[in-house]
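Architecture at a glance
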Amino acid sequence: MSERDERDRLLLDAMLGKLARYLRMCGYDAAYALDREVETDEELLALAEREGRRLVTRDRQLAARAEGVRIDSKVIDGQLRELRDAGFELSLSEPARCGRCNGPVDPIPPNEAVPDYAPDPTETRCFRCRDCGQVFWKGSHWDDVRERLAGL
């Protein structure tokens, strides 16, 4: 997947952790407030400003104070629809961001060792996060997310 442009750097509030993982799978640089130990409105606004991120929040009062996107739905399908309707491209391609920590990922060469939980990289293409070291691959979860996005 090609890199998203700078306006697609996002910060999701504490109520949108699952949505952050979906956006990462779509290639967005999607920081999640609780991963950054940020909880107050002031901390969220300051972090978004400091890192040049658009805030994505379910908090009406916070949304009124920030340039960003307000999400009304409590369920992931509704949240994804709202983002799609707001102009976000929601499609999967090659992994670009780590679902766990949002770090950039690289393909693992077929001859490189992987943890026991990962498939053999000579048989299944695997990826490693540059920041946290997490190894992942396009498995059944990837297929489930693709189907969910297609069904929006």
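Anyway, here's the lowdown on the structure attached to this text. Predicted, not measured: the structure shown is a model, and the values here were computed from it.

In terms of regular secondary structure, the chain is built from five helices and seven strands. Ordered by position from N to C terminus, the α and β elements of the chain give β-α-β-α-β-α-β-α-β-β-β-α. The C-alpha atoms of the chain give 16 Å as radius of gyration, which agrees with the globular expectation for 152 residues (15 Å, within 12%). Along the longest, intermediate and shortest principal axes, the C-alpha atoms of the chain span 50 × 35 × 25 Å. Counting across all 152 residues of the chain, residues that qualify as buried make up 43%. Taking the contacts inside the chain whose residues are at least 6 apart along the sequence as the reference set, 49% of them involve residues at least 24 apart. By element, 44% of the accessible surface of the chain is carried by carbon and sulfur atoms, the whole surface being about 8,400 Å². Of the charged side chains in the chain, 25 are positive and 31 negative; the average position of the first set lies 3 Å away from that of the second.

Turning to helix 5 (residues 140–150), its buried residues are Trp142, Val145 and Leu149. Looking straight down helix 5, one finds its buried side chains confined to an arc of 65°; they lie on one side. Helix 5 presents Ser140, Glu147 and Ala150 as exposed residues on the side facing more than 90 degrees away from its buried surface.

Within the secondary structure, Thr57 is located in strand 3 (residues 54–57). Side-chain polar atoms of Thr57 contact the side chain of Asp13, separated by 2.4 Å. If we skip the residues at most four places from it in the chain, Thr57 touches Asp13, Leu16, Leu62, Ala63, Val69, Arg70 and Ile71.

What counts and what doesn't
- Residues numbered from 1 in each chain as written.
- Predicted model: local features only at pLDDT ≥ 70, side-chain atom pairs only at ≥ 80, totals over all residues.
- Heavy atoms only, no water.
- Helix = DSSP H or I, 4+ residues; strand = E, 2+ residues; numbered from the N terminus.
- Rg over C-alpha atoms; globule rule 2.2 N^0.38 Å.
- Buried < 20%, exposed > 50% of the residue type's maximum accessible area, 1.4 Å probe, protein only.
- Contact = heavy atoms within 4.5 Å.
- Areas by Shrake-Rupley, 256 points an atom, 1.4 Å probe, with all protein chains shown as cover.
- Lys, Arg positive; Asp, Glu negative; His and termini not counted.
- Charge placed at Lys NZ, Arg CZ, Asp CG, Glu CD.
- Arc of directions from axis to C-beta.
- Polar contact = N/O pair within 3.5 Å; in protein donor to acceptor, adjacent residues only side chain to side chain.

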